[in-house]
Amino acid sequence: MVKFNFRRQGLPFAASLLTTVITTGTITQPPAQANSLHPRSPESQVSLQQPQLHDQQLMQLGGFSLPIWIYPIGGIILLLIFLPQIGWIMGLIVIGEREVGIVTKKFSSKSLPAGQLIALNGEAGLQADTLSPGWHFGYFPWQYAVRKELVVMISQGEIGLVVASDGRAIPPDRILGKVVESEDFQDARQFLTNGGERGQQLAILTAGTYRINTALFEVISTATAAKHGMDPARLKVYAVRQDKVGIVTTLDGMPIEEGEIAGPITPDHDNFQKPQTFIGGGGRRGLQEQVILSGSWNLNPWFVQVEQVLMTEVPIGYVGVVISYVGQSHEDISGESFTHGNLVSKGDKGVWIEPLYPGRHPLNTHIMKVELVPTTNIVLNFTSRFSGEHGYDSKLDALRLLSFDGFTFELEVFQIIHVGALDAPKVISRLGSMQNLVDQVLRPIVGNYFRNSAQEYTILDFLTARSERQAEAAEHVRCALRAYDVQAVDTLIGRISPPPELMQTLTDRKIAEEQQKTYEVQRVAQTQRQELVRETALADIQKEVVTAEQGVKIAELHATAQVKQANGEAESIRVTGQAKADAYQAGVTALGPQAYTALQLMQVVGDRNVRVVPDVAVSGNSNGSGLIDGLMGMMLWNQTKEMHTKIGNGNQSLMATSQPEEES
């Protein structure tokens, strides 16, 4: 192989050298061209001298004549033919640009120490030093065997694992060889002299090209993974998705301390990409507290195993109470007033006093637990007919109660509670979970109260006074839950299911009450109807009432006028009488009583037209004719009077009819 490669590389060089010699050699002109020149011209003289010089350069050998330049060319050809043999004799080794030479020394005055495979000081066997690209002399074939290997290439996005066949033994407390300075395993001598250990290595090869001594190091890449029984996917750069977090388990390092479930956080190892820093800093093998966030990482699959889990999401309306199983201490910081559990600082072991608020959190769910606590009002339904979406009341049923009068009935209760964000850690520290709060606290409190309350009242009282029972229950539950750092918003009584016979009694009573209400409504309607009729009648006679009222007022006014008129007349009579009395007194005084009286009688007869002589005179003779004559006279006098009256009335009517005509 060495000779073949040498010829393959040397023949192009020889061909280029031969071409150079031929192109630079002396070339004679043709005789015809020389003869064409004038014999006496300088050019012709020069051309005549060239054949002579040419003849002098020819040598006679066996009757054949050869040009002198043939000899160096022939020498070069002979050199090319025998150069491999010469290079073999001189120990020449040519290494290509993408090759590395692995040297094996066949014999030496020194032998390798026991257990050592790679020679560092010229011992016989595989040598630590390799041959880089170029020409190397002195590697005589009778002493050295050189094997050419292609360089190791790690593609982008991949890693290479390394197994060392020589070096110190790995300590019993570790399983991978430590990382030593060796220019990424390209300097085998440096690896061995710096204390490199045989076996699987902590260090890995990232993307690039490496000249590796394959006698000492075996590189496992995606191309050779199947041959070593590995999944090629494990030799890819590890990628953690954006919505996930990587939980790490290391396979090397110190054992985890007793009583712990995960190794503590070790600084400066660049997310487990520097395993030697991790181990040197006291890193523990096994489950780790630290997680890997989203991104691409050069991780050694022999050193770490990563499990991707979704980030812990706290929905809106909830807080997350963290229960950590790892940490530095158990120091309680809840204060003296809280004596029902321990609350610790963030990062310590126990229930964290600070809850997680809505959002996504990169938590290691293998070493801590997050209990979601709703911070909005939640309704717990004591009924089997339905339950809330939260599911805390899935085991709650309607309360079965016994009343004071011995009836058994079912009662549905709806309890509304609220847990504050800052009270959520206290609730979890005391009870462990929201489900425990419902099962161990709320259900006994509500059930016990209503059982006691039902035995103090008859079922009818309970039914008819449910508002009072509901208010009493709300206050009792509110006070009871306050001791557990839970706010009872309200307690509501739902459906009450008494015995059927009692329900029939209540139904009949209700019907009677409704009938009574109906009768009362009808009575009121009749009363209103009567009022309507009365008001209607009053409205109908309103005109007459007004007229009567006005008549009354007019009568009152007339009476008043008459009273005043009578008073006036009385006064007038009094005055007149007084005047007459005074006049009589004056007349009596003047004429004397008898003379004045006769004068007054004569004046009255004259003023009143008193007839002294009658219209019909009746004489009283003895035969009775005087009475008959008197009656006949009265009849004639009456007829005459009626005639005069009709004549007077007729004249008045004629005058009344004649007046409109005159006006028209």
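Shown above is the structure to which this text applies.
Every value quoted in this text rests on a predicted model; they were computed, and no experiment measured them.

Q: If you had to explain the overall build of the protein to someone new, which residues and values would you point to?
A: Helix and strand counts for the protein stand at 14 helices and 28 strands. Buried positions account for 32% of the 664 residues belonging to the protein. A separation of at least 24 residues holds for 73% of the contacts in the protein among residues at least 6 apart in sequence. Of the roughly 40900 Å² of accessible surface on the protein, a fraction of 57% belongs to carbon and sulfur atoms.

Q: Go over the sheet that holds strand β18 (residues 304-310), please, and point to the residues and values.
A: Read from one edge to the other, the open sheet built from 3 strands follows the order β16-β15-β18, with strand pairing classed as antiparallel. Looking at strand neighbours, the two that pair on one side only are β16 (286-292) and β18, the edges of this open sheet. Ignoring which end each strand starts from, the neighbouring axes of this sheet average 30° apart. With 4 bridges connecting them, strand β15 (residues 244-250) and β16 associate as antiparallel partners. Each residue of the ladder has a partner; that of Ile 247, found in β16, is Val 291.

Q: Give me the lowdown on the pattern of salt bridges, citing residues and values where you can.
A: Counted by the stated rule, this structure contains 21 salt bridges. Note that Arg 443 is salt-bridged to Asp 439, the shortest N-O span being 3.9 Å. Of this pair, Arg 443 and Asp 439 both sit in helix α8 (residues 434-454), separated by 4 residues, roughly a single helical turn. Its salt-bridge partner being Glu 520, residue Arg 523 comes within 2.3 Å of it at the nearest N-O pair. In this pair, Arg 523 and Glu 520 both sit in helix α11 (residues 500-540), 3 residues apart, roughly one turn of the helix.

Q: Pulling in residues and values, what's your account of the pairing of strand β26 (residues 399-402)?
A: Every second residue of β26 is oriented toward a common face, the buried set being Leu 399 and Leu 401 and the non-buried set Arg 400 and Leu 402. As paired strands, β26 and strand β27 (residues 408-418) are joined by 4 bridges and run antiparallel to one another. Paired with Leu 401 across the bridge in β27 is Phe 409. What sits between β26 and β27 in their antiparallel hairpin is a turn of 5 residues, with Gly 406 showing a positive phi close to 90°.

Q: Please set out the side chain of Ser 221 residue by residue, giving values where relevant.
A: Note on placement: Ser 221 falls in the loop between β13 (217-220) and β14 (238-240). Excluding its chain neighbours within four sequence positions, the residues that come into contact with Ser 221 are Ile 154, Ile 159 and Leu 235.

Q: Quick one: what's the story with the sheet that holds strand β4 (residues 99-105), residue by residue and with numbers?
A: Taken together, the 4 strands give an open sheet; going across it, the order is β5-β6-β4-β8, and neighbouring strands pair in mixed fashion. Of all strands in the sheet, those with a lone pairing partner are β5 (118-119) and β8 (144-150), marking the two edges. Note: β5 against strand β6 (residues 125-131), 2 bridges, orientation parallel. Counterpart to Ile 118 in the pairing with β6 is Leu 126.

Definitions and limits used
- Residues numbered from 1 in each chain as written.
- Predicted model: local features only at pLDDT ≥ 70, side-chain atom pairs only at ≥ 80, totals over all residues.
- Heavy atoms only, no water.
- Helix = DSSP H or I, 4+ residues; strand = E, 2+ residues; numbered from the N terminus.
- Buried < 20%, exposed > 50% of the residue type's maximum accessible area, 1.4 Å probe, protein only.
- Contact = heavy atoms within 4.5 Å.
- Areas by Shrake-Rupley, 256 points an atom, 1.4 Å probe, with all protein chains shown as cover.
- Pairing = 2+ DSSP bridges.
- Axes fitted to C-alpha atoms, helices over the stretch in contact; angles between N-to-C directions.
- Salt bridge = Lys/Arg side-chain N within 4 Å of Asp/Glu carboxyl O.

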